Every structure is written in structure tokens, then in C-alpha cells.
Amino acid sequence: MPRPGAPSPDPPKTPSRESQRGLDWFIFFLADVQTGFGPFVAVYLTTQKWTQVEIGFVLSIGGIIGLLGQMPGGAIVDAARSERIVAGLAVATIGASALAYALWPIFPVVTLAATLHALASCVLGPAIAAISLGLVGPLAIGERLGRNARFASLGNGSAAALMGACGYLLSSRSVFLVTFLLAIPTLLSLSRIREREIDIAQAHGAVKREQPDRRATSVWTLVKQRPLLIFAGSVMLFQLANAAMLPLMAGVVTTRSSQWAPVLIAACIIVPQAIVALASPSVGRKAQQIGRRPLLLLAFGALAIRGVLFAVVRDPYLLVVVQVFDGITAAVFSVMVPLIVADVAFGSGHFNLAQGIVGTATGIGASLSTVLAGYVSDKLGSGTAFLGLAGIAALGLVVILLIMPETRRMAA
């Protein structure tokens, strides 16, 4: 329900089928484009005789800029008068970066390309959420975000297969040429979203007021909001528990079954993606029917169970089955993060800045997770590390249960 004194959302909008489909395919192809910058970077640069120190430096640039750029990226999207133009420029930048990787794999060029790619990525996430919110409005955003997650998951899966095939059959350089070419259908899909159907005020989380309300639209008022701070802390705990689980499990699988490790690890990635593709739209609908908190509790509970099972299950093939719980958490959080931010930031005009705040918490949690879990695993064993991660997930569940308020909004 809306907080006392908060503005009520307008009834849900019904954008055209062309705009909805344009956004679907934009997200699908964008996932393809972004996948090209995953593990393929390290493989490609290794074939170009780069040292591990040089590769690590380039990869670190993306991580550092991705962390520091979340809030400025959100602020840029809030200040923009056209989210489509911002998204288009970001996609073009990423495409150019991929081409630079392919044609000039020398240290200065690749460093610049990695920097530009990271900067562009900082505005793409907020821009997609802003376009979605501007198209359908705050009351229908849950289902739209679920649809976004489905197409992103399908894009990730198809891109991984395509990039892997290109790298195997052609060369690792071809992955970046394909990434550059995929930017073209991405931009064409973006062009199908009708600009006039995107409510620019709603896209920024603003509402039309007869008299300006400086307090309601103040950045400081947004930053002090208790639900936003609690949720950002919860997301940090989620990433702290989640980010290291799959890499740590990959190491365990390689130790127990080195011959089948690549196949098993691939299966552990595919299973959650399939569940996200199937379940995300339902998550969006359920979030509006029953509220946000029950689904958050489900996600944290599934994450805690997954950590415990990783600690006690010895059969490497059963670990693939355990990844069903990863699919549950991924389906919930892929929808819930922008959805709850939209709830909390509604009326402020700073929806995308709020996304940046939560994105920064995400980056901090993910960065610390692999370091802490790796240290505990080296000192006390992988079983203890998994139980520790499960304990962090349980702490997140307690935070949601005891202090996180329900943020769902209903029509007046």
C-alpha cells in the first residue's frame, strides 16, 4: 500500500504491441552483446600472448568502474530527456569496444575499450528499467520486469551457445566480431519502441504535481528513506552470500570429477537460466498479488538451502539439481530489485539514482563475497565456506522478516 501522504499511481498504461515487442527483442539482443564480454575476454587475450597480470588489470578496470559508476549512471539517466537515446549511445559504445578488442588487441586500446564498455554498462541497466517504467507505469511494472528477465535469460543462454560455437569453430577473435554485429539488431529493436509512449516523468519515478514539492523530490529525502536503505543492505547480504557460490562449487566439481567438470559447470549455469526464463513473468504477477516480502523471503530461503546442500552433497551430478534453488533466487531478484526500487522511489523523480544506490550495494557484496569465501575455503575447507555463505543468506532472510516493510503499491 502507498505510504501515508504519498502520491497515488495513475492507472496502468497499455503501450502498443510494437513497443512491447521492441523492448523484448532489445533486451534479448543486448544480453547477447553483453555475453561477449564475459569469460571470453580472458581466453582471447591469452591467445594474444597477454600476461595474466595484464589480463587481470583490464578485468579489474571493468569491476572498479562498474562499482563506482552505478550512482552517476543512474543520475545521468534521470537527467536525460530520452532514455532511448541514452540506451542507443551505450549500445553503440559497447559495439565499438567489441570491434576494438577484435581489431587492435594492444594494451592501450583494450584498456580504453574496457573503460568505455564499463561506463556504458552503468547506464544500460537503469535505462532499460526507466523505459519499462515509462511504458507501463508503476502498477504494471512487476509483470513487465518479469518479461524483461525472461528475454534477458533467453538472450544469455543463446549467446553463450553462439559465442562458444564461434570460439571453437572459428577463433576467439570471432566472438568480438559477432558481438559487434549483434549490436545492429539491438539498435534496430530499440528503434521499434515508440518514443511518444514513454512517459518521461514516470520513467524517472516522478509524478505530475500542480505545485512543485521540493522535499518530495529532494535527493537527500530519497537517500534517507528507510525502506531503500534496508533493501540496499539486504541486497548486499544477498550478493555476499550468492556471488561466490558458483565459482566455489566449480572448483569443488573440478576436484571431484575433472573429466566431466566443464559439462557439469555448463549445466549448472543453464539450469538457473531456464528457470528464470520460465518463472520470471509469474514472479512479476505474484509480486503485485501477494506483495514483495513473501517472494524475498522465498529467495533468501532458497539461497540458504542451496548453501547448505553444496556443503553436504558429495555427488557432483546432484549438484546440478541443487542449482534449481539458484534458479528460484535468480528469478525473484531479477524482478524484485528494480521493482522495489520503483516502489520506494515513486514520486521522487530519482528512480534511476535509487537503482544506482542499490547497484552499488550489489557490487560491494559481490566483490567481497569471492574474496571472503575463497579465504575461508583455503583455511577451513569448502564445506565451511558454503555453510558460512548459507549463514549470511539466513541473516538476510531475518532482515527481510523483521525490518523490511512491504512496498507494494495499489491503485487509489
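Residues numbered from 1 in each chain as written. Predicted model: local features only at pLDDT ≥ 70, side-chain atom pairs only at ≥ 80, totals over all residues. Heavy atoms only, no water.

A. Fine view of the overall build of the chain. Across its full length, the chain carries 17 helices and zero strands. Buried positions account for 51% of the 412 residues belonging to the chain. Of all intrachain contacts in the chain linking residues separated by at least 6 positions in sequence, the fraction that spans at least 24 positions is 86%. Summed over all atoms, the accessible surface of the chain reaches about 17,900 Å², with 69% contributed by carbon and sulfur. (Helix = DSSP H or I, 4+ residues; strand = E, 2+ residues; numbered from the N terminus. Buried < 20%, exposed > 50% of the residue type's maximum accessible area, 1.4 Å probe, protein only. Contact = heavy atoms within 4.5 Å. Areas by Shrake-Rupley, 256 points an atom, 1.4 Å probe, with all protein chains shown as cover.)

B. Representation of the confidence of the model for the chain within the structure. Summary statistics for the chain give a mean pLDDT of 84 and a share of 89% for residues scoring 70 or more. Below a pLDDT of 50 lies the segment residues 1–5, which in the model reaches ten contacts outside its immediate sequence neighbourhood of four places, other chains included. (pLDDT = per-residue confidence, 0-100.)

C. Expanded view of the nonpolar core. Phe 26, Tyr 101, Leu 124, Phe 231 and Met 336 are the most contacted members of the largest nonpolar core, which has 110 residues in total. Not counting chain neighbours up to four residues away, the residues in contact with Phe 231 comprise Leu 296, Met 336, Val 337, Ile 340, Val 341, Val 358 and Met 404. (Core = buried A, V, L, I, M, F, W, Y, C linked by side-chain atoms within 4.5 Å.)

D. Region of the structure containing the environment of Leu 298. In this structure, Leu 298 sits in helix 14 (residues 293–312). Along the backbone, Leu 298 and Ile 328 are 30 residues apart, and their C-alpha atoms lie at a distance of 8.1 Å.

E. Geometry of the pattern of salt bridges. Scanning all chains against the criterion turns up nine salt bridges. Residues Asp 24 and Arg 21 are paired through a salt bridge, measuring 3.5 Å at the closest nitrogen-oxygen approach. Remark: Arg 21 and Asp 24 occur in helix 1 (residues 17–35); sequence separation between them is three residues, near one turn of the helix. For Asp 24, a relative accessible area of 0% gives the class buried. We classify Arg 21 as partly exposed; its relative accessible area is 30%. Across the pair Arg 292 and Asp 343 runs a salt bridge, and its minimum N-O distance is 2.7 Å. Taken together, the positions of Arg 292 in the loop between helix 13 (261–290) and helix 14 and Asp 343 in helix 15 (residues 316–345) put the pair 51 residues apart, joining distant regions of the chain. Classification of Asp 343 by relative accessible area gives buried; the value is 4%. Through salt bridges that share partners, Arg 21, Asp 24, Arg 144 and Arg 147 make up one connected network. (Salt bridge = Lys/Arg side-chain N within 4 Å of Asp/Glu carboxyl O.)

F. Expanded view of the packing of aromatic side chains. Per the stated rule, a full pass over the model turns up twelve aromatic pairs. Ring geometry for Tyr 101 against Phe 176: centres 5.1 Å apart, planes inclined by 5°, an arrangement best described as stacked. Of the two residues, Tyr 101 is situated in helix 5 (residues 83–103) and Phe 176 in helix 8 (residues 172–191); the sequence distance between them amounts to 75 residues. Seen in terms of ring centroids, Phe 238 and Phe 333 are 3.8 Å apart; in terms of plane orientation they differ by 15°. Their pairing is stacked. Taken together, the residues Phe 238 in helix 11 (residues 226–242) and Phe 333 in helix 15 connect sequence positions 95 residues apart. Phe 333 shares its class with Phe 238; the two are buried. An aromatic cluster is defined as three or more aromatic residues linked by ring pairs; in this entry it consists of Trp 25, Phe 28, Phe 29 and Phe 151. (Phe/Tyr/Trp six-rings, centres within 6.5 Å; stacked < 30°, edge-to-face > 60°.)

G. Seen up close, the environment of Leu 187. By the secondary structure assignment, Leu 187 is in helix 8. In sequence terms Leu 187 and Gly 22 are 165 residues apart; their C-alpha atoms lie 9.8 Å from each other.

H. Layout of the packing of helix 1 against helix 5. It is the contact of helix 1 with helix 5, at a shortest axis distance of 11 Å, that shows an interaxial angle of 30°. Looking at the two axes, helix 1 sits roughly parallel to helix 5. Taken as a pair, helix 1 and helix 5 cross one another with a handedness that is left-handed. Residues Phe 26, Leu 30, Val 33 and Gln 34 of helix 1 lie in contact with helix 5, whose contacting residues are Ala 87, Val 91 and Ile 94. For the contact of helix 1 with helix 5, the residue count by class is six nonpolar, one polar and no charged. (Axes fitted to C-alpha atoms, helices over the stretch in contact; angles between N-to-C directions. Parallel < 35°, antiparallel > 145°, perpendicular 65-115°, else oblique. Left-handed = near helix turned anticlockwise from the far one by under 90°. Nonpolar A, V, L, I, M, F, W, Y, C, P; charged D, E, K, R; others polar.)

I. Representation of unusual backbone geometry in the model. Of note in this structure, Lys 49 is not a glycine but carries a positive phi near 70°. Structurally, the position occupied by Lys 49 is in the loop between helix 2 (40–47) and helix 3 (52–68).

J. Main features of a nonpolar patch on the surface. Among the surface-exposed residues, Leu 395, Val 398, Leu 401, Leu 402 and Ile 403 lie close enough to one another that they form a single nonpolar patch of about 450 Å² accessible area. One can find Val 398 in helix 17 (residues 382–402). (Patch = residues over 30% accessible without salt bridge, like charges linked within 9 Å, V, L, I, M, F, W, Y side chains within 5 Å.)

K. Seen up close, helix 11. Over its 17 residues, helix 11 extends 24 Å from the first C-alpha to the last, a length consistent with the 24 Å expected when each residue adds 1.5 Å. Here helix 11 lies mainly inside the structure; 13 of its 17 residues are buried. (Expected span 1.5 Å × (residues − 1).)

L. Seen up close, the packing of helix 11 against helix 17. Between helix 11 and helix 17, the least distance of the axes is 8 Å, while the angle of their chain directions is 160°. Comparing their axes, helix 17 and helix 11 come out roughly antiparallel. Considering only the axes of helix 11 and helix 17, their crossing is left-handed. On helix 17, the residues touching Ile 230, Ser 234, Leu 237, Leu 240 and Ala 241 of helix 11 are Leu 389, Ile 392, Ala 393, Leu 395, Gly 396, Val 399 and Ile 400.

M. Focus on the side chain of Asn 352. Tracing the backbone through its elements, the reader meets Asn 352 in helix 16 (residues 351–380). For Asn 352, a relative accessible area of 0% gives the class buried. Within the local environment of Asn 352, its side chain forms a polar contact with the side chain of Asp 78, the two groups lying 2.8 Å apart. At 3.0 Å, the side chain of Asn 352 and the side chain of Gln 355 are in polar contact. Ignoring any residue separated from it by four or fewer positions in sequence, one finds Asn 352 in contact with Gly 74, Val 77, Asp 78, Pro 126, Ala 130, Ala 203 and His 204. (Polar contact = N/O pair within 3.5 Å; in protein donor to acceptor, adjacent residues only side chain to side chain.)

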